[in-house]
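Inside the fold
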Number of protein chains: 2
Amino acid sequence: MEHAKLAEINYLIEEGEFYTLKDVLKELEPAELVEIIQEQEEKEQLIIFRLLPTKLAARTFEYLDFETQEYFINTLNNDKIAAILNEMSPDDRTALLEYLPNRVVKELIAILSETERKVTLELLGYPESSVGRLVTPEYVAIKEDMTVEEVIDHIRAFGRDSETISVLYVVDEKGILTDDIRLREVILAPKGTVVRDLIDHKFVALHAMQDQEEAVEIFRKNDRNALPVLDEEGLLFGIVTIDDMLSVREEEDTEDIQKLGGSEALEEPYLTIPLLEMVKKRAGWLVILLLGEMLTASAMGFFEDEIAKAVVLTLFIPLIISSGGNTGSQATTLIIRAMAIGEVYLSDWWRVMRRELILGLMLGVILGVIGFLRILIWAKFMDSYGPHWLGIAYTVGFSLVGVVLWGSLAGSMLPILLKKLKLDPATSSAPFVATLVDVTGLVIYFSFAFFFLRGTLL
Amino acid sequence: MEHAKLAEINYLIEEGEFYTLKDVLKELEPAELVEIIQEQEEKEQLIIFRLLPTKLAARTFEYLDFETQEYFINTLNNDKIAAILNEMSPDDRTALLEYLPNRVVKELIAILSETERKVTLELLGYPESSVGRLVTPEYVAIKEDMTVEEVIDHIRAFGRDSETISVLYVVDEKGILTDDIRLREVILAPKGTVVRDLIDHKFVALHAMQDQEEAVEIFRKNDRNALPVLDEEGLLFGIVTIDDMLSVREEEDTEDIQKLGGSEALEEPYLTIPLLEMVKKRAGWLVILLLGEMLTASAMGFFEDEIAKAVVLTLFIPLIISSGGNTGSQATTLIIRAMAIGEVYLSDWWRVMRRELILGLMLGVILGVIGFLRILIWAKFMDSYGPHWLGIAYTVGFSLVGVVLWGSLAGSMLPILLKKLKLDPATSSAPFVATLVDVTGLVIYFSFAFFFLRGTLL
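Rules of the game
Residues numbered from 1 in each chain as written. Chains lettered and ligands numbered in written order. Predicted model: local features only at pLDDT ≥ 70, side-chain atom pairs only at ≥ 80, totals over all residues. Heavy atoms only, no water. Phe/Tyr/Trp six-rings, centres within 6.5 Å; stacked < 30°, edge-to-face > 60°. Lys NZ or Arg CZ within 6 Å of the ring centre and 35° of its normal. Least-squares fit on C-alpha atoms with pLDDT ≥ 70 in both. Contact = heavy atoms within 4.5 Å. UniProt positions renumbered as here; feature names shortened; annotations may be inferred. Helix = DSSP H or I, 4+ residues; strand = E, 2+ residues; numbered from the N terminus. Buried < 20%, exposed > 50% of the residue type's maximum accessible area, 1.4 Å probe, protein only. Pairing = 2+ DSSP bridges. pLDDT = per-residue confidence, 0-100. Domains from an automatic or database assignment. Buried area = accessible area lost by both parts, 1.4 Å probe. Salt bridge = Lys/Arg side-chain N within 4 Å of Asp/Glu carboxyl O. Polar contact = N/O pair within 3.5 Å; in protein donor to acceptor, adjacent residues only side chain to side chain. Nonpolar A, V, L, I, M, F, W, Y, C, P; charged D, E, K, R; others polar.

Let us look at the packing of aromatic side chains. Applying the stated criterion to the full structure yields 30 aromatic pairs over all chains. An aromatic cluster is built from F372, Y394, F398, F448, F451 and F452 of chain A, whose rings are joined through pairwise contacts. Cation over ring: R355 of chain A sits above Y270 of chain B, and NZ or CZ is 6.0 Å from the ring centre. For the cation-ring pair, R374 of chain A lies above W378 of chain A, with the distance from its terminal atom to the ring centre recorded as 3.7 Å.

Structure below.
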C-alpha cells in the first residue's frame, strides 16, 4: 500500500468527496482495503466500508479482525449485514459467529438466507477443534457417467460459488463419495471420455469429527489443495481447503509455545484478552511452581547447619540450580517439539535417553570446567572464598556436571513419560522439570559439598 | 494402512513372490507406500522400491525422508536414479540436493536431463531461506489474445507436467507477467471470450530473493493456492504453491520454539543431528547463562555478612529467584509469540507495559500472599524460622510481589527492545530475562530483608 493512495483517501474523506472515493475504493484489492481500514478511526472505517460494492465488502470483511467485524455488525443496518454475511464464505462466517456473543449470533442467523442458515447451523454443531468447523460446502460434485464435456458444462453452470474447483468429487445417487478427481485430469483427458474411466476409487478423506491437528498431518502427507470431508454416515459433507491448515498449524504452535512458556494457552490475542482472564491463565502455573519451589526451602532447611558452618556455599546455589533448570528446559523443549512434528515417537525413548546421557555429560563437563576455573581465578587473584577454595571449586565443578546431566535426562524423559500417560507433554513438562531439577540440584550440590569439604569446612 | 495389507506384503517378500508383490504394490497410494517402506529393514525397503513402476516410484520417493532417499541413491543404479530424479517435482528435487553432500550432488546433476539440470542449477543459486528455493517452474503461461477455448486446448497440450493449473499466468512477448487468472474464471467464461477481457492487470507476486517468512504472510493475506515469483528483472521465474508454506511455517515455529527453550535452532531432526553438532547448538547459551549467573554469586558475596547473621534467609533464595524467573519467561514467551503472529507491534509497547504493570502486580500479590501464609503456618505449627518469623514472612511476601512485578515488566519489555534494535527477539530474550531477573531478584530480596529485619535479625 503506497502512502500516496492512503493520503488521497484520507483527503477525499476529509473533503467529503464520497463519489470520487467510491470510484477509488472499488479498484482496490481486499488485502489493500483491510490495510486502509485498519489505519482509520472507527467513524472513517464505517464511511469507507459503506461505500464498497457488496461483493467487495464481503471479501474485505472476511479479512478484518473479529473486533472490527463486531464493530461493523453492531453499527451497520440489517440489510447490509445480511448481504455481507450471505456473500461470506461459510467457514469464515462460522469463525465469526464463534467469536460473537450468543445473543448476537442468534440475531445474525435469523437474517441469513435459508440455505446459508442451514449450512451455518450445521457447521456450528461440531466441536471447536474438529474438521467439521473448517468445512465449506461449496464444492462441485459430479456423477460417474458424465463425459468430460458434460463435466465442464456442469462446472460452468453450477461452479460459480465453489471455493475450489481444482478437485471435483464423484458421488453416487445416495451422496456417498466414490472418488475425487482433479480438474486437470478432466481437462487433459481426450474429448468424450467418461468420468468412470478416469477414476480408480482410491481417495483420501477426512471425517467431520476428526481433530484438526490430524488433518494437518494428512494434508502434509497427501499432496492436495483440498480434501473431502465425510459425515458420520459416510456421506460427502463438504471440503476443507489447505489454506485453513496454515491457520490451524499456527494456532497449535501458538498454544504449544504459550504452554512451554509456563502459562495456559491464551486462546485470544494478547492485547484484547480481558485482564482477569489473563490472570487466570497465568496465575495457575506460577502458583503450582511456587508450591513446588517451597520444597527447595524444605530441602535447604535440611542443610541449615551446614550452611551456618560454611556460608560461602550459599553463594553458588542460584548458579547451580539455574544451570540445572536451563539444561532441563532446553532438553524438554527440544523433545516436545520433536514429538509434535513427528521426528520422535514414544518408541524412540531409549535412543533419546542414550543421546541425552552422552550429551548431558559433555555439556556438564563444559560447564563444570568453567565453574571450576571461575572459582580458581577469583580465589587466586581476589582472595575470595577463604583457605578451602579448592574444595569449593571441586564442589561447584562436580555439582555442575551432576545437575546438567540430571537436567538433560529428566528434561528429555518427562515429556515422553507424560505422553505415554496420555497427558499433553507441552502443558506440564517445562514447569515440572524446573521444580524437579531445582530441588534435586540442591541435594546434588550439598552431597558433593559433604564429599569434598567434610573435615575442613563442614 | 491396515495391518492385513502390511502382513500380506511381508509374507510376499519372505516367500519371494515378487510378481504378485509387484501387482499389489502398484495399486497403492504414495502415502501408503511410504508407510510400508518405513516399516521395513533396509534390504526389504530396496526390494519394494525396485518393484515400483517409475512414476509411482518417483512420487513415493518425494515423500521419503532424506536419509532413506540418500540410502536409495547410494544403492540403486544410475539409470533408475536418473529416471526418478527427472520425474520428481523440481522443488522436492532441490530440497534433496540441498541435503546431500556436494560430491553426490555433482554426480546427480550430471545424470539429469538437460532441461531438468538447468532448472535445478538455477534453483540452487538462491539463498536457503529465499522464495527462489521453493519455486517450481512448472506452470502454464498464456497470452492475452488467446480465447478461452484456445487456453483450454493449450492446457491440454502443455499442461501435463504443471504442478498446478488452477491458476494461469498471462505474460507478454518478453516474458513479463501482466496478470494471473484462475482456471475457473476461464472455464466459467462464455465461449469465445478473449483472455484480455477477463483480466484486470492486478496481481500479487513474490520475488525470488524475498524471505520465505514474508511469503507465508502474503499467502495468508491473499486467498491463493499458488503465487507467481518474479526474478530480479521482473520476468516470471516460476510459481510457489501454498502447500510449501505449511512446511515453512512449521520450520519457523520449530526454530522459534528451540530458541525460546534456550538453544540455537537445530536445523536437523533431533534423532539424526550429529552429537557434536548438537553440543555446539546447546552449549553456547548454557555457557552464556552460566557466566550471567555468576553475577548472582557476586551479588550474594555482597550480602555475605547478612547471610552469616541470618542463615534462615538463604532458605528462600531459590524460591524467590525462580518465581521471578518463571514470571519473566512467561511474559517473554507470550510477547514473542504475539509479535511473531502479528498481534503485537513495536508501537504497542506502551499498551503492553501498562498491561504487564497491572498483571504483574495482581500475580505478585497472589504469590506474595501464598508465600506469606506458608511461612506463617510453618512458624505457628512447626516452630520453624525462630522468633523473628513475622519479619521473615513479610520479607518473603513483599519480595515475591517485587520480583513477580519486575519479572513481568522486564520479560515483556526486553523482546520489544531487542526487536527495536533489529535483533531476533526469540534468540536472546528468555535467557537474558532469566539472568537479569535472578540477579535483581536477590537485590530485591535483601533490600526487603534490611527493611523488615534491621535491628532484629540483621
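A separate point is the relation of the copies chain A and chain B. Mapping chain A onto chain B leaves a residual RMSD of 0.2 Å; the transformation is a rotation of 180 degrees accompanied by 0.0 Å of translation along its axis. The superposition of one copy onto the other is thereby described by a two-fold rotation axis. Comparing interface residues between copies, 99% of those in chain A also lie at the interface in chain B; the contact surface is shared.

What follows concerns the UniProt feature "domain: CBS" (unreviewed entry) in chain A. The feature "domain: CBS" (unreviewed entry), as annotated in UniProt, sits at residues 199-255 of chain A in this numbering. Taken as a whole, residues 199-255 of chain A contains 42% helix and 23% strand, while its terminal C-alpha atoms sit 40 Å from one another.

For the rest of this paragraph, the subject is the pairing of strand β2 (residues 167-171) of chain B. All names here are of chain B. The element β2 is largely enclosed, with a buried count of five among its five residues. Because side chains alternate across β2, one face comprises the buried residues V167, Y169 and V171, and the other comprises L168 and V170, equally buried. Note that strand β1 (residues 141-142) and β2 share two bridges and pair parallel. Each residue of the ladder has a partner; that of A141, found in β2, is Y169. One ladder, built from five bridges, connects β2 with strand β3 (residues 177-182); its direction is antiparallel. The residue of β3 that forms the bridge with V171 is L177. Between the antiparallel neighbours β2 and β3 lie five residues, among them G175 with a positive phi of about 90 degrees.

This paragraph deals with the UniProt feature "transmembrane region" (unreviewed entry) in chain A. All names here are of chain A. With numbering aligned to this structure, UniProt lists the feature "transmembrane region" (unreviewed entry) at residues 283-303, 315-336, 357-379, 391-418 and 430-453. Taken end to end, residues 283-303 is 95% helix and 0% strand, and its two terminal C-alpha atoms sit 31 Å from one another. Taken end to end, residues 357-379 is 100% helix and 0% strand, and its two terminal C-alpha atoms sit 32 Å from one another.

So, about the confidence of the model for chain A. Taken as a whole, chain A shows an average pLDDT of 85; of its residues, 95% reach a score of 70 or greater. Ranking the elements of chain A by mean pLDDT puts helix α9 (residues 102-111) of chain A last with 67 and helix α20 (residues 389-420) of chain A first with 93.

All right, on to the domain arrangement of chain A then. For chain A, the domain assignment lists domain 1 (3-125), domain 2 (141-250) and domain 3 (275-453). The distance between the C-alpha centroids of domain 1 of chain A and domain 2 of chain A comes to 30 Å.

Position of N326 of chain A relative to the elements: it lies in helix α18 (residues 317-340). Not counting the four nearest positions on each side in its chain, N326 of chain A is found in contact with L286 and L289 of chain B.

Interface size, as often reported, equals the accessible area lost upon joining of the parts. Between chain A and chain B, the contact holds 112 residues from the first and 112 residues from the second. Surface buried jointly by chain A and chain B totals about 10600 Å² across both partners, of which 66% is contributed by carbon and sulfur atoms. In terms of surface lost to chain B, no three residues of chain A exceed Y270, L271 and R355 of chain A, which account for 8% of the buried area on that side. At the junction of chain A with chain B, the criterion picks out four salt bridges. We note a salt bridge from R282 of chain B to E356 of chain A, for which the minimum N-O separation is 3.0 Å. Linking chain A with chain B are 26 residue pairs in polar contact (both at pLDDT 80 or more), by the criterion used here. The leading source of residues in the side of chain A that touches chain B is helix α16 (residues 275-302) of chain A, at 18 residues. For the side of chain A that touches chain B, the residue count by class is 60 nonpolar, 24 polar and 28 charged.

Another point: the sheet that holds strand β4 (residues 206-207) of chain A. Residues and elements named next belong to chain A. Spatially, β4-β5-β6 is the arrangement adopted by the three strands of the open sheet, whose pairing is mixed. Sheet topology places β4 and β6 (236-241) at the edges, where each strand pairs with a single neighbour. Pairing geometry for strand β5 (residues 226-230) and β6, over five bridges, is antiparallel. Bridge assignment links L227 to a residue of β6, and that residue is V240.

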